[in-house]
Amino acid sequence: MMYFVSILHTINPLFFALLAIAGLLLWKAIYTYKTYAELRGNAIKEMIVGSLVLIFILGIFIVVPLVAGITVKDNELSLRLPTGFTFETYPEADILSAKMVSLDQTEYTIAKKVVGTETRAYREGIFLLQNGTEAAVFVNGNTAILVETPNRILLLAPDRFDDFVKNFSEKLILVKP
């Protein structure tokens, strides 16, 4: 079963502010192109740069969260965390333990982003935890499953979290409360 974080959780005021700035720059370039014939060369450059900035903004705030996800299959866990450069598959034998943890004021609180995306409660990528360990993180909220593997700690909490916990417990390893 595949688990994602819905797009509504990734859109935030920063997205709208950047989108408005890119739209304003594109509008200015189009206005300059139509109004001032002698500045058309510069206006075309501005339209190209504005379009690239717009594509970049849409990519970071919309496409990346849609590509990121978790797949739970019989005897296998797969992670796709593009901003953390994590595309890994863990067989059931590599999953040492799984337990529910709170990310508020515990040793598993996320202290620092190494590489990834972080907006509001959505976090995806590689993060440093309060206890000093590095973890692959895909969470949308303050409660997650802490999965220990031989190489890395995983913090997982996609949308439909209760369904995810049930499916994880049935197909891989029992999640301890």
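Everything here concerns the structure above.
Rules behind the numbers
Residues numbered from 1 in each chain as written. Predicted model: local features only at pLDDT ≥ 70, side-chain atom pairs only at ≥ 80, totals over all residues. Heavy atoms only, no water. Pairing = 2+ DSSP bridges. Helix = DSSP H or I, 4+ residues; strand = E, 2+ residues; numbered from the N terminus. Axes fitted to C-alpha atoms, helices over the stretch in contact; angles between N-to-C directions. Contact = heavy atoms within 4.5 Å. Buried < 20%, exposed > 50% of the residue type's maximum accessible area, 1.4 Å probe, protein only. Core = buried A, V, L, I, M, F, W, Y, C linked by side-chain atoms within 4.5 Å. Parallel < 35°, antiparallel > 145°, perpendicular 65-115°, else oblique. Left-handed = near helix turned anticlockwise from the far one by under 90°. Nonpolar A, V, L, I, M, F, W, Y, C, P; charged D, E, K, R; others polar. Phe/Tyr/Trp six-rings, centres within 6.5 Å; stacked < 30°, edge-to-face > 60°.

### Section: the sheet that holds strand 7 (residues 122-129)
The sheet built from six strands is open, its strands ordered 5-9-10-8-7-6 with mixed pairing. Two strands lie at the open edges of the sheet, namely strand 5 (97-102) and strand 6 (110-119), each paired on one side alone. Averaged over all pairs of adjacent strands, the angle between strand axes in this sheet comes to 25 degrees, irrespective of strand direction. Judged from the four bridges that link them, strand 9 (residues 143-148) and strand 10 (residues 153-157) form a sheet pairing that is antiparallel. When the bridges of strand 10 are listed, V147 appears paired with L154. Each of strand 5, strand 9 and strand 10 touches helix 3 (residues 161-171); the most contacted strand, strand 9, lies at about 25 degrees to it.

### Some points on the environment of M47
Residue placement: M47 occurs in helix 2 (residues 40-67). Given the relative accessible area of 21%, M47 is considered partly exposed. Taking C-alpha positions, M47 is 15 Å from I57, a pair spaced 10 residues apart along the chain. Setting aside residues up to four positions removed in sequence, M47 forms contacts with L26, A29, I30 and Y33.

### As for the nonpolar core
Of all hydrophobic cores here, the largest spans 39 residues; its most connected members are I70, L77, I145, L155, L156, F164 and F168. At the level of elements, strand 2 (69-73), strand 3 (76-81), strand 5, strand 7, strand 8 (134-140), strand 9, strand 10 and helix 3 are the ones that each hand at least two residues to this core. Apart from the residues within four sequence positions on either side, I70 is in contact with M1, M2, Y3, L77, S78, L79, F138, L156, P158 and F164.

### Observations regarding the sheet that holds strand 3
The four strands lie next to each other as 1-2-3-4, forming an open sheet whose pairing is antiparallel. Lying at the two open borders of the sheet, with one neighbouring strand each, are strand 1 (2-3) and strand 4 (86-91). As defined by bridge partners, strand 1 adjoins strand 2 across two bridges and the pair is classed as antiparallel. Of the residues in strand 2, the one forming a bridge with M2 is T71. The strands touched by helix 3 are strand 1, strand 2 and strand 3; relative to strand 2, the strand with the most contacts, the crossing angle is about 40 degrees.

### Considering the packing of helix 1 (residues 13-35) against helix 2
Where helix 1 meets helix 2, the closest approach of the two axes is 8 Å, and the angle between their N-to-C directions is 160 degrees. Overall, the two elements helix 1 and helix 2 adopt an arrangement that is roughly antiparallel. Between helix 1 and helix 2 lies a crossing whose hand is left-handed. In terms of residue class, the contact of helix 1 with helix 2 is made up of 18 nonpolar, three polar and four charged.

### A word on the packing of aromatic side chains
The relation between two aromatic rings is expressed through the spacing of the ring centres and the mutual angle of the planes. Summed over the entire model, instances satisfying the criterion amount to four aromatic pairs. Geometrically, the ring pair formed by Y3 and F164 is edge-to-face, given 5.0 Å between the ring centres and 75 degrees between the ring planes. With a gap of 161 residues between them, Y3 in strand 1 and F164 in helix 3 connect regions that are remote in the sequence. We classify F164 as buried; its relative accessible area is 0%. Ring geometry for F164 against F168: centres 5.8 Å apart, planes inclined by 55 degrees, an arrangement best described as tilted.

The values are spatial; any link to function lies outside them.
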